[in-house]
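Each chain is listed here by its residues.
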Amino acid sequence: MNLTLEKVDVAISYSMLRVYLHPLTLVFTGNHQSLEQPFRQAYFSNSIDHVRRCKLYAILFFSIFGLLDAYVFPEQKFQLWFIRYVLVCPVFLVGLIFSYTDAYRRVWQLANGFYIMVTGFAYVAMVVITPAPESYFYGVGTIFCVFFGYTFIHARFLTASIAGLLVVGGYQAAMMWLMESTGVIQLIFGAHFMGINLLGMLICYSIETHHRKNFFLNYLLEQEKEKTDTINRNLEQRVEERTAALQRINRDLNKEILERKQAEGRVRASHEQLASIIDSIDADIHVADLETHIILLANRHMKETYGDDIVGQVCHKAIQKLEAPCHHCKTHLLLNENGRPGESYSWEDKNLVNGRWYIISARAIVWEDDRLVQLTVATDITAMKEMEARLQRAQKMEAIGTLAGGVAHDLNNILSGLVGYPELLLMDIPQGSETRIIVETIKQSGEKAAAIVQDMLTLARRGVAVTDVIGLNQVVEDYLSSPELARLKSFHPQVTIQSDLAPALFNIIGSSVHLGKTIMNLVTNAAEAMPDGGEIILSTRNCYVDRPMHGFETVLEGEYVQLRVADTGVGISTQDLERIFEPFYTKKKMGRSGTGLGMAVVWGTVKDHSGFIDASSIEGQGTVFDLYFPITRQVAKVEAEELPIERYRGAGESVLVVDDIKEQRDLAAFMLKRLGYQVDAVASGKEAVQHIRRTPVDILVLDMIMDPDMDGLDTYRQILAVSPGQKAVIASGFSESERVLEAQRLGAGPYIKKPYRMEQIGMALREQLAAAHTVDPPDTSLRD
């Protein structure tokens, strides 16, 4: 029987336990007498480690209080130290060593009583040795020793009580001998000490009773466990008998089960293979009942598009959100005259719920329960439709431009007379003549017609010679101070025009005249779209497109100067926005607000400059036109004042350029070499970390957006692990992001906006190389 004094987590009140204990000695009696020996063995096993620690504590405390002896009783300190260090502490030390022997188990309770008496009588001796009345306070030590024995060293009640009474009695006798007081005072003093001792005895009595009842509870639980084990063994025997019978039956069924499993496995494998094939197709595939239109099966792509719960729903309700079957439903055409599956049908249709275009193929098939169902495959062709629309728009603009060019060529021949001859006539007609008024009217009409022809030539892309290096900021500023804008403001006094022009803007190759007219046309249209007033904002910035950007048209990867014209006008509808760049397409009244060629000229001018246009509008909120022009690093004839190159030239420092785009990598390396740096370049974050391990560098030029392994922030984190305090500048074609800010918190320097400029990158490196390195604590929450 394995009985211990460990805690048992059973909600049983001790008052409900019927345990027979001797009222004085607390040993098990009566029917429970046989538990006494197991209890003592378990009590010793569970107490021995604690008792050994108690001996160490006694040695420690008894030794420490020797310092107090020397302070309070310097004349008697050697006698007191003799008691502490020669008599008491060695006793405990010998007892500690003795506790590791087999004989200690038999006498450990007697030893506990002996320890109580040794420490108690030691304090009594100290009371006798030291002068009164200070010596009386050693009585506290006597109380401490007695309570230490009652409560802490796991002494049994009988042993601790005898030792405690002897110590208290000895102390009381010493006090009666030493105290010069009346009998009443000695009686009160002795009664209090005896009361304290009795309290300790009651505590010790309660502790031992608790341990014995806990042991008895474990004993009862062990008995119940044995009963449970017996019942379990009986049950196991019955289960074994029943199992043997079932095994005999199962052996007869194994062959049939095996055959069925093999058949089911073949069916399952076939079904899984078919399901895998269907799920791998990037099209919406489903099977629906021909009569009820309930969806019986849907592939992965279908569920991702319309929800995982689409199976079991009515097809027209789940897909089109309709209460009745779709108008284009071909169910009646899928069966032949005999009511059996016939030919398949295909058609194009737009889902009005998600706005996507699909090419749909449907066929009737026989389902597993012999009913007729419809198999439908819908392939998303929205991207193809958009590409077709963009291609048609480009072809239309090209065709119209070609037509306009031919017409303009013929009109130029005709208009040369309408403009030239009136000028000759006016030289001979006196002022104030009615004839002069008529001829001037003819001349002005001819000039207006000539301006329209120039627009048509621009539209035909025959009127722009793209040769000059120009600054777009200067073109915008020239227009903002032009008479044309002043005249426009006089017509629209409630319209305000603001500008936000980026400093250090790259130059472009083009014609400032045609770009100025482009700006004028966009601003004029914006002003006329705000009859009740509003705001027009002209802004420019350097822009690096890392990936093709799909909008009104696709902006290819590259370095651009972006011109934005934004207004807060009435906006443009989606239908009108699709046709806004078509010649002669206008919602204005012809002859009053323009010819319908203004936006077509904008389109032609942008294309002449190898640029791109993005247009967006929200009705009632306004319209935004973004024009993208490829940059050039050629210097314009009239240059703005620049910093001398000595201000940002390097001094032979080592630089590592990290960029996954070869052209950007080579360009940055070329610039830095020209500035006097020693430059290496790598194409990925992984290569950068390996390079730093091999060859440390003074500073990094680190691209933030890189594929495919890790971006600039992850690269910088790994480099800091290899080279703490590594200096770096961050570069990107996108706007400053949270990951850029995190890299700067880790210690990276200035943020460089692509495309690169020599002055910009040179000043950034000089600033970072000259700066003291400060690092914020890393923020690991941004790790992916």
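Note: the structure precedes this text.
What you see is a predicted model, and the numbers here were worked out from it, not measured in a lab.

Engineer: Where do I start with the sheet that holds strand β16 (residues 678-682) in this structure?
Structural biologist: In spatial order, the strands read β16-β15-β17-β18-β19; together these five strands make up an open sheet with parallel pairing. Every other strand in the sheet has two partners, leaving β16 and β19 (751-753) as the edge strands with one partner each. Averaged over neighbouring strand pairs, the angle between their axes works out to 20° when direction is ignored. Where strand β15 (residues 654-658) lies against strand β17 (residues 699-703), four bridges are found, and the strand directions are parallel. Looking across to β17, one finds that V655 is bridged to I699. Relative to the sheet, helix α17 (residues 685-694) contacts β15, β16 and β17, its axis offset from that of β15 by approximately 160°.

Engineer: In this structure, what is going on with the packing of helix α13 (residues 512-528) against helix α15 (residues 598-608)? I would like to understand it.
Structural biologist: Helix-helix packing is characterised by the crossing angle of the two axes and by the distance between the axes. As a packed pair, α13 and α15 sit with axes 9 Å apart at the nearest point and diverge in direction by 140°. When the axes of α13 and α15 are compared, the pair comes out oblique. Where α13 crosses over α15, the two elements pack in a sense that is left-handed. Contacts from H514, L515, T518, N521, L522 and N525 in α13 reach G598, M599, V601, V602 and T605 in α15. Each residue belonging to the contact of α13 with α15 can be placed in one class, and the counts come to five nonpolar, six polar and no charged.

Engineer: Just checking my understanding: could you explain the sheet that holds strand β2 (residues 295-298) for this structure?
Structural biologist: Read from one edge of the open sheet, five strands run β2-β1-β5-β4-β3, paired in antiparallel fashion. Where the open sheet ends on each side, the last strands, each with one partner, are β2 and β3 (345-350). Taken over all neighbouring pairs, the strand axes of this sheet differ in orientation by 25° on average, direction set aside. Bridge analysis of strand β1 (residues 284-289) against β2 gives three bridges, and the strand direction is antiparallel. Residue pairing for β2: A288 is matched across the bridge by I295.

Engineer: Looking at this structure, I do not really get the environment of Y104. What am I missing?
Structural biologist: Relative to the helices and strands, Y104 resides in helix α3 (residues 104-129). Classification of Y104 by relative accessible area gives buried; the value is 0%. Taking C-alpha positions, Y104 is 9.9 Å from I48, a pair spaced 56 residues apart along the chain. In this view, Y104 contacts F44, I48, V51, K55, G95, F98, S99, A111, N112 and Y115; residues no more than four positions away in its chain are not counted.

Engineer: Is there a simple way to think about the pairing of strand β12 (residues 558-567) in this case?
Structural biologist: Looking along a regular strand, one sees the side chains alternate between the two faces of the sheet. Taken across its ten residues, β12 has nine buried, putting it largely inside the fold. The sheet contact formed by strand β9 (residues 534-545) and β12 spans ten bridges and is antiparallel. Within β12, the residue paired with I536 across the bridge is D567. Judged from the eight bridges that link them, β12 and strand β14 (residues 622-632) form a sheet pairing that is antiparallel. Bridging across to β14, Y560 finds its partner in P630.

Engineer: I'm lost on the pattern of salt bridges in this one. Help?
Structural biologist: Working definition: two side chains of opposite charge can pair if their charged atoms are close together. Considering all chains together, one arrives at 22 salt bridges under this definition. The salt bridge partner of R212 is E36, with a shortest N-O separation of 2.8 Å. Of the two residues, R212 is situated in helix α6 (residues 183-279) and E36 in helix α1 (residues 36-72); the sequence distance between them amounts to 176 residues. Across the pair, exposure class does not vary: R212 and E36 are buried alike. Taking the shortest distance from any N to any O, the salt bridge between K227 and E224 comes out at 3.7 Å. With K227 and E224 both in helix α6, this residue pair falls three residues apart, about one helical turn. Three or more residues are tied together by salt bridges with common partners; here these are D711, D714, R717, E738, R739, E742 and R745.

Engineer: Just checking my understanding: could you explain a nonpolar patch on the surface for this structure?
Structural biologist: A grouping of L56, Y57, F61, F65, L68, Y71, V72, F144 and F152 is seen on the molecular surface, where their side chains present a nonpolar patch of about 880 Å² in accessible area. Considering every element that reaches the nonpolar patch, the biggest residue donor is α1, with seven residues. Exposure remark for L56: the relative accessible area of 46% places this residue in the partly exposed category.

Engineer: Explanation requested: the packing of α1 against α3 in the structure shown.
Structural biologist: Here α1 crosses α3 at 25°, and the two axes come no closer than 11 Å. Classed by the angle they form, the pair α1 and α3 counts as roughly parallel. Helix-helix and strand crossings are classified by hand; for α1 and α3 the assignment is left-handed. Where α1 approaches α3, its residues Q41, Y43, F44, S45, S47, I48, V51, K55 and F62 are matched on the opposing element by Y104, R105, W108, Q109, N112, Y115, T119, A122, Y123 and M126. Looking at the contact of α1 with α3 residue by residue, the class counts come to eleven nonpolar, six polar and two charged.

Engineer: Please explain the packing of aromatic side chains as it appears in this structure.
Structural biologist: What describes a pair of aromatic rings is the distance from one ring centre to the other and the angle between the planes of the rings. A complete count under the given rule lists 19 aromatic pairs for this structure. Aromatic pair F39 and F215: ring centres 5.4 Å apart, planes at 75°, arrangement edge-to-face. Taken together, the positions of F39 in helix α1 and F215 in helix α6 put the pair 176 residues apart, joining distant regions of the chain. Taking the relative accessible area as the measure of exposure, F39 reaches 0% and is therefore buried. Look at F78 and W81: their rings are 5.9 Å apart centre to centre, the planes differ by 85°, and that puts the pair in the edge-to-face class. Of this pair, F78 and W81 both sit in helix α2 (residues 77-98), three residues apart, roughly one helical turn. Note on W81: relative accessible area 24%, which makes it partly exposed. Three or more aromatic residues joined by ring pairs form one cluster here, namely F28, F39, Y43, F44, F98, Y104, W108 and F215. The ring centre of Y100 lies 3.8 Å from the NZ or CZ of R52, which sits over that ring.

Basis of the calculations
- Per-chain numbering applies: the sequence of each chain, read as written, is numbered from 1 onward.
- In keeping with the model being predicted, local features are shown solely for residues with a pLDDT of at least 70 and side-chain atom pairs are shown and tallied solely at 80 or more, while totals for entire chains, interfaces and linings include all residues.
- As a convention, hydrogens and water are excluded, and side-chain values are obtained from all of the structure's heavy atoms.
- A pair of strands counts as paired when DSSP detects no fewer than two bridges linking them.
- Helix and strand labels come from DSSP, where a helix needs a run of H or I of at least four residues and a strand needs a run of E of at least two; each type is numbered from the N terminus.
- Angles shown run from 0 to 180 degrees and are taken between the N-to-C directions of axes, each axis being a line fitted to C-alpha atoms and, for helices, limited to the stretch in contact.
- Contact between two residues is taken to exist if any of their heavy atoms lie within 4.5 Å; hydrogens are not considered.
- Each angle receives one of four descriptions, namely roughly parallel if under 35 degrees, roughly antiparallel if over 145, roughly perpendicular if within 65 to 115, and oblique otherwise.
- Here a crossing is taken to be left-handed if its near helix is turned anticlockwise relative to the far helix by less than a right angle, and right-handed if that turn runs clockwise.
- Charged residues are taken to be Asp, Glu, Lys and Arg, nonpolar residues to be Ala, Val, Leu, Ile, Met, Phe, Trp, Tyr, Cys and Pro, and polar residues to be all remaining types, Gly included.
- Summary of the burial criterion: residues with accessible area below 20% of their type's maximum are buried, those above 50% are exposed, and those between are partly exposed, where the area comes from a 1.4 Å probe applied to protein chains only.
- Salt bridges are counted wherever a side-chain nitrogen of Lys or Arg sits within 4 Å of a carboxyl oxygen of Asp or Glu.
- Like-charged residues within 9 Å of one another, or nonpolar side chains (Val, Leu, Ile, Met, Phe, Trp, Tyr) within 5 Å, are grouped into patches, provided each residue has over 30% relative accessible area and no salt bridge.
- Residue-level accessible areas treat just the shown protein chains as cover; the underlying method is Shrake-Rupley with a 1.4 Å probe.
- Stacked, tilted and edge-to-face are the three classes applied to pairs of Phe, Tyr and Trp rings, where Trp contributes its six-membered ring and a pair requires centres within 6.5 Å; stacked means planes under 30 degrees apart, edge-to-face means over 60, and tilted covers the rest.
- Charge-over-ring placement is defined geometrically: NZ (Lys) or CZ (Arg) within 6 Å of the ring centre, and within 35 degrees of the ring normal.

Such coordinate-based values are descriptive only and should not be taken to indicate function.
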